[in-house]
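Below are the chains, spelled out letter by letter.
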Amino acid sequence: MSRPIPLHELGDREYIDPANQACQGCGGAIVSRLVSKALGEGFVRAEVACCGPAFMNIRAPSIYVEVFEGAGALMTGISRGLKRIGREDVVVMGIIGDGGTVDIGFQGLSAAAERNENILWVCYDNEAYMNTGGQKSGATTPYAATTTTPIGEYSRGKLERRKNVPLLMAVQGAPYVATASVAFPEDLLGKLVHAKGIRGFRYIHVSSPCPTGWGYDPKDTIKVARGMVQSGLWPLYEVSDGILRLNYKPRELKPVREVLKMQGRFRHLNDEEIERIQREVDAFWRRLVAKDGGEIF
Ligand code: SF4
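Residues numbered from 1 in each chain as written. Predicted model: local features only at pLDDT ≥ 70, side-chain atom pairs only at ≥ 80, totals over all residues. Heavy atoms only, no water.

Re the overall build of the protein
Helices and strands together make up the secondary structure of the protein, namely 10 helices and 12 strands. The C-alpha atoms of the protein give 18 Å as radius of gyration, which agrees with the globular expectation for 297 residues (19 Å, within 12%). Each of the three principal axes of the protein carries a C-alpha extent, and together these read 60 × 40 × 40 Å. Taken across its 297 residues, the protein has 55% of its residues classed as buried. Taking the contacts inside the protein whose residues are at least 6 apart along the sequence as the reference set, 70% of them involve residues at least 24 apart. Across the protein, the centroid of the 37 positively charged side chains sits 2 Å from that of the 34 negatively charged ones. (Helix = DSSP H or I, 4+ residues; strand = E, 2+ residues; numbered from the N terminus. Rg over C-alpha atoms; globule rule 2.2 N^0.38 Å. Buried < 20%, exposed > 50% of the residue type's maximum accessible area, 1.4 Å probe, protein only. Contact = heavy atoms within 4.5 Å. Lys, Arg positive; Asp, Glu negative; His and termini not counted. Charge placed at Lys NZ, Arg CZ, Asp CG, Glu CD.)

Some thoughts on the nonpolar core
Among the nonpolar cores identified, the biggest contains 57 residues, and Met93, Leu120 and Ile204 are the most heavily contacted of them. Take this core: its biggest share by element is 6 residues, from helix H1 (residues 27-39). Beyond its immediate sequence surroundings of up to four residues, Met93 is in contact with Val35, Leu39, Phe43, Val44, Arg45, Ala46, Met75, Leu120 and Val122. Membership of the second largest hydrophobic core comes to 34 residues, among which are Leu82, Val92, Ile119 and Trp285. (Core = buried A, V, L, I, M, F, W, Y, C linked by side-chain atoms within 4.5 Å.)

Side note on the site of the ligand
All residues adjacent to the ligand are Ala22, Cys23, Cys26, Cys51, Asn126, Met130, Cys210, Pro211 and Thr212. Most atoms of the ligand, that is more than half of them, are within 2 Å of grid points of the second largest pocket. Residues that form the shell around the ligand fall into these classes: 7 nonpolar, 2 polar and no charged. (Near = heavy atom within 4 Å. 1 Å grid on protein atoms, 1.4 Å probe; cavity = no way out; pocket = protein on both sides within 12 Å on 5 of 7 lines; lining within 4 Å. Sits in = over half its atoms within 2 Å of the grid points. Nonpolar A, V, L, I, M, F, W, Y, C, P; charged D, E, K, R; others polar.)

Observations regarding the sheet that holds strand S2 (residues 62-65)
Taken together, the 8 strands give an open sheet; going across it, the order is S2-S1-S3-S4-S10-S9-S11-S12, and neighbouring strands pair in mixed fashion. At either margin of the open sheet sits one strand with a lone partner, and together these are S2 and strand S12 (243-246). Strand after strand, the sheet turns through a mean of 15° between neighbouring axes, direction not considered. Examined bridge by bridge, strand S4 (residues 120-125) and strand S10 (residues 202-207) share 6 bridges and lie parallel to one another. The partner of Asp125 across the bridge, within S10, is Ser207. Along the sheet, helix H10 (residues 271-291) makes contact with strand S11 (237-240) and S12, crossing S12 at roughly 115°. (Pairing = 2+ DSSP bridges. Axes fitted to C-alpha atoms, helices over the stretch in contact; angles between N-to-C directions.)

What about empty space enclosed by the protein?
Under the counting rule described, the total for this entry stands at 1 cavity of 30 Å³ or more. The computed volume of the largest cavity comes to approximately 100 Å³. Those elements that provide at least two residues to the lining of the largest cavity are helix H3 (99-103) and strand S5 (128-129). Classifying every residue of the lining of the largest cavity gives 7 nonpolar, 6 polar and 1 charged. (Points joined across faces, edges and corners; volume = space filled by probe spheres on them.)

Some thoughts on unusual backbone geometry
Look at Asn116: it is not a glycine, yet its phi comes out positive at around 55°. What makes Asn116 partly exposed here is its relative accessible area of 38%. Here the phi dihedral of Glu127 falls at roughly 65°; this positive angle occurs in a residue that is not glycine.

Observations regarding the packing of H1 against helix H6 (residues 185-196)
Each pair of packed helices can be summarised by the angle the axes make with each other and by the distance between the axes. It is at 9 Å that the axes of H1 and H6 come closest, and there the two elements cross at 45°. On the basis of their axis angle, the class for H1 and H6 is oblique. The hand of the H1/H6 crossing is right-handed. In this structure, H1 contributes Leu34, Val35, Lys37, Ala38 and Leu39 to the contact, and H6 contributes Pro185, Leu188, Leu189, Leu192, Val193 and Lys196. Of the residues assigned to the contact of H1 with H6, the class counts are 9 nonpolar, no polar and 2 charged. (Parallel < 35°, antiparallel > 145°, perpendicular 65-115°, else oblique. Left-handed = near helix turned anticlockwise from the far one by under 90°.)

Shown next as structure tokens:
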């Protein structure tokens, strides 16, 4: 299992250029910086169509393809090519959006996990197809207003539950799976450093709030991200060789209402809808606590 690593333990050196093209307050850009810090030298970055190219400022060999669904195949090809030339020491890593992970890229993700490809898949989850106009994805929280689930006379936002891809990857038998959040950088850095030392398929799914699509002030990205973890909307856990461990276990979760109401995409919610989300969060949290320290199935 991982251990939290404070930023200063990794030294002063940065592996990222100061400027990028992301919106102000972008959670994904924070993921990019932390990934580069944790991996340092000796990695290759793969990228597909998503907001990722807006934060391509990592100083590492990078390969970008327009094939939205192609991250699994791209990373597999790079990894196998490196193996062929005897460079298995180089980490193959992708910072892939939730659309390219949980929806359109899921077949390639699942197949790469099945083959136990030697890759590190980091999903920065902004809960929609933000780079193509903010359409809902399988990772969007229920009732969120998106451009394809707008609020109107006959629509209350997205109705379906989130796809739980971290647990799907764990059940597929991936050697290492973790959730993380930009509001808990020590936890994320620890998980990245731990994953770097493992061979085979590794998957880290990071909650990465998006001020543009979620409708909050860019200065509040960390506040929103922290609220999601503290309320149980985004629990932090890891699954190593089938054993689950909760990484953040408060005595009591905060009510989801507070963090939902910080975001424009949930401003329309009534009490009944907030209650539904609260019930689902509480039920999932109870299941996680019951599994903490034990096998996931
Ligand atoms: S749309 Fe959202 S995820 Fe994309 S660059 Fe802007 S803040 Fe980041």
